[in-house]
Amino acid sequence: MTCASCVARVEKAISAVPGVLSASVNLATERADVRFEPATKATDIVGAIEKVGYHVAEETVEMAVEGMTCASCVARIERALKAVPGVVDARANLATERASVRIVRSLVPAGALELAVRATGYEAKRISSSKDIDEDSERREQETLKLRRSLMLAAILTAPVFVLEMGSHFIPGMHDFLMATIGMQASWYLQFALTSLVLFGPGLRFYQKGVPALLRGAPDMNSLVALGTATAYGYSVVATFASGLLPAGTANVYYEAAAVIVTLILLGRFLEARAKGRTSEAIKHLMGLQARTARVVRNGDTVEIPLSEVHAGDIVLVRPGDKVPVDGEVVEGSSYVDESMITGEPVPVQKLMGAEVVGGTINKTGSFTFRATKVGADTVLAQIIGMVEHAQGAKLPIQSLVDRVTAWFVPVVIGIAILTILVWLFFGPDPALTFALVNGVAVLIIACPCAMGLATPTSIMVGTGRAAEMGVLLRKGEALQTLRNVEVVAIDKTGTLTKGRPELTDLVAAEGFGRDTVLALIAAVEARSEHPIAEAIVEAAKTDNLTIKDAESFEAIPGYGASAGVDGHTVHVGADRLMTRIGLDVSNFADDASRLGAEGKSPLYVAIDGRLAAIVAVADPIKETTPQAIRMLHALGLKVAMVTGDNRRTAHAIAQKLGIDEVIAEVLPEGKVAALKRLKSTGRKIAFVGDGINDAPALAEADVGIAIGTGTDIAIESADVVLMSGNLVGVPNAIALSKATIRNIKQNLFWAFAYNALLIPVAAGILYPAYGVLLSPVFAAGAMALSSVFVVGNALRLKGFRATATAA
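Remember, predicted model here, so these are calculated numbers, not experimental data. (Residues numbered from 1 in each chain as written. Predicted model: local features only at pLDDT ≥ 70, side-chain atom pairs only at ≥ 80, totals over all residues. Heavy atoms only, no water.)

## Things to note about the overall build of the protein chain
Moving on, step 1. Regarding its fold elements, the protein chain presents 30 helices and 28 strands.
Moving on, step 2. For the protein chain, the proportion of its 808 residues judged to be buried stands at 52%.
Moving on, step 3. Here the protein chain displays about 36400 Å² of accessible surface, and carbon together with sulfur accounts for 56% of that area. (Helix = DSSP H or I, 4+ residues; strand = E, 2+ residues; numbered from the N terminus. Buried < 20%, exposed > 50% of the residue type's maximum accessible area, 1.4 Å probe, protein only. Areas by Shrake-Rupley, 256 points an atom, 1.4 Å probe, with all protein chains shown as cover.)

Next comes the structure, spelled out in structure tokens:
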């Protein structure tokens, strides 16, 4: 809002929302005070404000949610959170056991989100610091240990039940032995006791969560297990203690089914919990990079304090071997710092006074002090962790089908189970009640909404984590799916294909002149100039440790070059027309000039004391990894386009050298968006790779914007994908990983849907009329448990994804 007209417009928009009683908008505080009826949704008010062109301040709250077991849980939690006034959007993730909630800032009371989740039968806790994340990790470990103990107890109690009931079928003479020793009734009593301990001990968790969900009219996977085991157990109890209530010939017990079902599903949960723990290893690794404490100078003394107490402006001491605790700028001392966690480059980087250091990097040799500039959530490492977590919690477009199916999956399964029981009761052979019971329970147990719910998020978690390990950060999780559809990769030249800074690439001295002598003299002339070409020549002389003397009588000749007196010599540096102007013939360097031109370089000539001394070329050199990256993109079947402001001749020379397919040259910064629109006009999906401020609009315009992480913050903020190093090889690696991840998701979804589509009818007994085949509830439980483990295990294969190539 900028004026009173804005205020009036916003007030009018808010007042028009049904149920709003009054609205008062304050321009100075940029706040709106609104009174509305309870039935009015805050999101409707937010929508009205945005509809007239203004934005409401939002924030994202991360929550750890305990108790989610299947896709039905996810949908239920999302609905509960979205119903809280002030919540704009909510997304729960089964794999991470987290919920990400977008709320209108200051509108949602503290604790309201937790209460909403608890009302649906789950536990939730807001995550606000790295300590909470550590606690969350510890909670997961404790839950895995708890599952392990429950599984072991259930297995110990179930084993005798299984032997007593199933041993008679598999072990010759077992039935006669049992009848002669303890008898059938005593065997049933023993099975009843052991199964009761299983169901109301380790298996109680299914009833504690499943029954309330069933009573709320929102059944989940726990409800299916509770219904199935309770039916088998209840029928067995009646057969044991009141067999007269059952039709003749139907008094059978199914204790082993109830006990084995619980044990097998606990086994599946345990394996799943262990596997899910591995899916978040990338985050754990990133968290492990953070220092725990920092040595800060306070009141003249150096004190060690927790990282959370470091403030911007503090002077921090770093010793050899220490992790740099936060981001900052060196104020004293020097050292070499290993920045491989940021750049991927293994060679330590020298840090002198004024150099920037990044939190999480490792100091190698010397000691230095630096002034903290970014702390807490503002550090590069914290932002990386935030990006990875955000990407891991994303819902890809491919998930929409799953959401639609899982919304009604469990109720439909219960309906199929009821239908199965009725069909077998009325049309099945004798004993019809027994067949109805066994097949109804099998249907309830075989269904697996877990596999459906885990199919997409687990692959996303592992894929984005693997991407982070490769130095590819997905700022928007959707990019993981969009990248695979890219057909053309458009790349900005300067700073992306090239190093982004001019360097002296060629110096060919004429006969009678030494290279170092010529370079020292022209560096002395160019030291008086501020042109980037001049800086490159001076930098080359410094790199070669040449003495650069003071120049006298310096003269810049616009359009020609420059001249000066250096150490008793008259030196001219410039284009061929400057040489012609002073009467020199440059034909001796014709071959060199032709070669440089073909390479897209503009040659300069040097004259010393009226003699042609050398030909030099300054260019923005191509990065060492660029040719490799272009080859890899071509290997993936992609076209590569170069977008540059260079003249056409230079641009085409570079493109020919690199094998680039399309060239868009002489493009002004503001023309990059138009260039991308031209490329997109053919219907192709475009990825744009850039690093500068002037690339930000183009990054936003592309179907996928990829920013070089060594570039500017503005470019990175506009991108969908960030390459943490300047290595362009990250682009084909990101695309290849995207293809692998989506392929993995499709495999998981096929398994989850095909598994349920094929086995639920089998469990219902569809094969019995033709083949006499029925599916035991025990085998149904095993198949259900393994389906979730299969999905998570398949997703974990992405951890083994190998970069198609690494930097040479």
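Further notes follow.
## Let's talk about the state of the cysteines
Here, the word disulfide means a covalent bond between the sulfur atoms of two cysteines.
Moving on, step 1. Counted by the stated rule, this structure contains zero disulfides.
Moving on, step 2. Cys-70 takes part in no disulfide bond, and the closest cysteine sulfur, belonging to Cys-73, lies 3.9 Å away.
Moving on, step 3. Overall, Cys-73 belongs to the buried group, its relative accessible area being 0%. (Disulfide = S-S within 2.5 Å.)

## Some points on the environment of Tyr-189
Moving on, step 1. With respect to the helices, strands and loops of the structure, Tyr-189 is situated in helix α7 (residues 183-199).
Moving on, step 2. For the pair Tyr-189 and Val-237, spaced 48 residues apart in sequence, the C-alpha to C-alpha distance is 9.3 Å.

## Comments concerning the sheet that holds strand β4 (residues 87-93)
Strand pairs in the sheet, formed through backbone hydrogen bonds, run parallel or antiparallel to each other.
Moving on, step 1. An order of β4-β5-β3-β6 is seen for the four strands of this open sheet, with the pairing classed as antiparallel. Lying at the two open borders of the sheet, with one neighbouring strand each, are β4 and β6 (123-127). For this sheet the average axis-to-axis angle between neighbouring strands, irrespective of direction, equals 25°.
Moving on, step 2. Sheet analysis places strand β3 (residues 58-66) next to strand β5 (residues 98-104), joined by seven bridges and oriented antiparallel. By the bridge assignment, Glu-59 is partnered in β5 with Ile-103. (Pairing = 2+ DSSP bridges. Axes fitted to C-alpha atoms, helices over the stretch in contact; angles between N-to-C directions.)

## Some thoughts on the side chain of Asn-727
Moving on, step 1. In this fold, Asn-727 is placed in the loop between β28 (721-723) and α28 (730-764).
Moving on, step 2. Relative accessible area serves as the criterion here: at 14%, Asn-727 is assigned to the buried category.
Moving on, step 3. Among the polar contacts listed, one links the side chain of Asn-727 to the side chain of Thr-625, at a separation of 3.0 Å. (Polar contact = N/O pair within 3.5 Å; in protein donor to acceptor, adjacent residues only side chain to side chain.)

## Observations concerning the side chain of Thr-420
Moving on, step 1. Inspection of the secondary structure puts Thr-420 in helix α14 (residues 399-427).
Moving on, step 2. Take Thr-420: its relative accessible area is 6%, and that puts it in the buried class.
Moving on, step 3. In this view, Thr-420 contacts Asn-439, Gly-440, Val-443 and Ala-764; residues no more than four positions away in its chain are not counted. (Contact = heavy atoms within 4.5 Å.)

## A look at the sheet that holds strand β22 (residues 603-608)
Moving on, step 1. Across the sheet, which stays open at both edges, the six strands sit in the order β18-β23-β22-β21-β20-β19 with antiparallel pairing between neighbours. Either end of the sheet is taken by a strand with one partner, and the two such strands are β18 (503-509) and β19 (551-557). On average, each strand axis in the sheet is tilted by 20° relative to the strand beside it, whichever way the strands run.
Moving on, step 2. The pairing of strand β21 (residues 569-574) with β22 spans four bridges and is classified as antiparallel. Each bridged residue has a counterpart across the sheet, and for Val-573 the counterpart in β22 is Val-606.
Moving on, step 3. Each of β18, β19, β20 (561-566), β21, β22 and β23 (611-619) is contacted by helix α19 (residues 515-526), which is oriented at about 130° to β18, the strand it contacts most.

## Side note on the UniProt feature "transmembrane region" (unreviewed entry) in the protein chain
Moving on, step 1. Feature annotation in UniProt places "transmembrane region" (unreviewed entry) on residues 150-171, 177-200, 221-241, 253-271, 405-427, 433-456, 749-768 and 774-796, given in this structure's numbering.
Moving on, step 2. Helix makes up 85% of residues 749-768 and strand 0%, with an end-to-end C-alpha separation of 28 Å.
Moving on, step 3. Secondary structure content for residues 774-796 is 87% helix and 0% strand, and the end C-alpha separation is 33 Å. (UniProt positions renumbered as here; feature names shortened; annotations may be inferred.)

## Here we look at the packing of aromatic side chains
Moving on, step 1. Within the structure shown, the criterion is met by 14 aromatic pairs.
Moving on, step 2. Ring centres of Phe-192 and Tyr-233 lie 6.2 Å apart, and the angle between their planes is 15°; this geometry places the pair in the stacked category. One end of the pair, Phe-192, is in helix α7; the other, Tyr-233, is in helix α9 (residues 221-241), with 41 residues separating them in the sequence.
Moving on, step 3. Residue Tyr-233 is classed as buried on the basis of its relative accessible area of 11%.
Moving on, step 4. An aromatic cluster is built from Tyr-189, Phe-192, Phe-200, Tyr-207, Tyr-233, Phe-241 and Tyr-255, whose rings are joined through pairwise contacts.
Moving on, step 5. The residue whose ring lies beneath Arg-577 is Tyr-560, and the NZ or CZ to ring-centre distance is 6.0 Å. (Phe/Tyr/Trp six-rings, centres within 6.5 Å; stacked < 30°, edge-to-face > 60°. Lys NZ or Arg CZ within 6 Å of the ring centre and 35° of its normal.)

## Here's the deal with the packing of helix α16 (residues 449-469) against helix α30 (residues 777-796)
Moving on, step 1. Where α16 meets α30, the axes come as close as 8 Å, and the angle between the chain directions of the two elements is 15°. It follows from the interaxial angle that α16 and α30 lie roughly parallel. When you trace α16 past α30, the crossing you get is right-handed. Residues Cys-450, Ala-451, Leu-454, Ala-455, Thr-458, Ser-459 and Val-462 of α16 lie in contact with α30, whose contacting residues are Ser-787, Ser-788, Val-791, Val-792, Ala-795 and Leu-796.
Moving on, step 2. Partitioned by chemical class, the residues of the contact of α16 with α30 number nine nonpolar, four polar and no charged. (Parallel < 35°, antiparallel > 145°, perpendicular 65-115°, else oblique. Left-handed = near helix turned anticlockwise from the far one by under 90°. Nonpolar A, V, L, I, M, F, W, Y, C, P; charged D, E, K, R; others polar.)

## Here's the deal with the environment of Ala-524
Moving on, step 1. Relative to the elements of secondary structure, Ala-524 occurs in helix α19.
Moving on, step 2. The class of Ala-524 is buried, set by a relative accessible area of 1%.
Moving on, step 3. Residues Ala-524 and Val-538, 14 residues apart in the sequence, show an inter-C-alpha distance of 7.6 Å.
Moving on, step 4. Setting aside anything within four residues of it in sequence, one finds Ala-524 in contact with Ile-548, Lys-549, Ala-551 and Val-566.

## Focus: the packing of helix α15 (residues 432-446) against α30
Moving on, step 1. With their axes 8 Å apart at the nearest point, α15 and α30 run at an angle of 5° to one another. The orientation of α15 relative to α30 falls into the category roughly parallel. Residues Val-438, Val-441, Ala-442, Ile-445 and Ile-446 of α15 form the contact with α30, whose own contacting residues are Pro-777, Ala-780, Ala-781, Ala-783 and Met-784.

## Examining helix α8 (residues 204-215)
Moving on, step 1. Here α8 is 12 residues long and its end C-alpha atoms lie 17 Å apart, about the 16 Å a rise of 1.5 Å per residue gives.
Moving on, step 2. When α8 is considered as a whole, its buried residues turn out to be Arg-205, Phe-206, Tyr-207, Gly-210 and Ala-213.
Moving on, step 3. Gly-217, located one to two residues past α8, shows a positive phi value of around 80°. (Expected span 1.5 Å × (residues − 1).)

## Overview of the pattern of salt bridges
Pairs can form between side chains of opposite charge whenever their charged atoms are close.
Moving on, step 1. Enumeration according to the criterion identifies 19 salt bridges in this entry.
Moving on, step 2. A salt bridge links Arg-595 to Asp-592; its shortest N-O distance comes to 3.8 Å. Residue Arg-595 and its partner Asp-592 are located together in helix α22 (residues 590-598), separated by three residues, close to a single helical turn.
Moving on, step 3. Glu-662 is the salt-bridge partner of Arg-684, the closest N and O atoms lying 3.0 Å from each other. Pair noted here: Arg-684 is in the loop between α25 (672-680) and β26 (686-690) and Glu-662 is in strand β25 (residues 662-664), with a separation of 22 residues, a long-range link.
Moving on, step 4. Judged by relative accessible area, which is 21%, Arg-684 ranks as partly exposed.
Moving on, step 5. Glu-662 sits in the partly exposed class, given a relative accessible area of 23%.
Moving on, step 6. Each of the salt bridges in this network shares a partner with another, and the network as a whole consists of Lys-82, Asp-89 and Arg-91. (Salt bridge = Lys/Arg side-chain N within 4 Å of Asp/Glu carboxyl O.)

## Describing a nonpolar patch on the surface
Moving on, step 1. The grouping of Ile-418, Leu-419, Leu-422, Val-423, Leu-425, Phe-426 and Phe-427 at the surface amounts to a nonpolar patch, some 740 Å² of accessible area in total.
Moving on, step 2. Within the fold, Leu-425 resides in helix α14. (Patch = residues over 30% accessible without salt bridge, like charges linked within 9 Å, V, L, I, M, F, W, Y side chains within 5 Å.)

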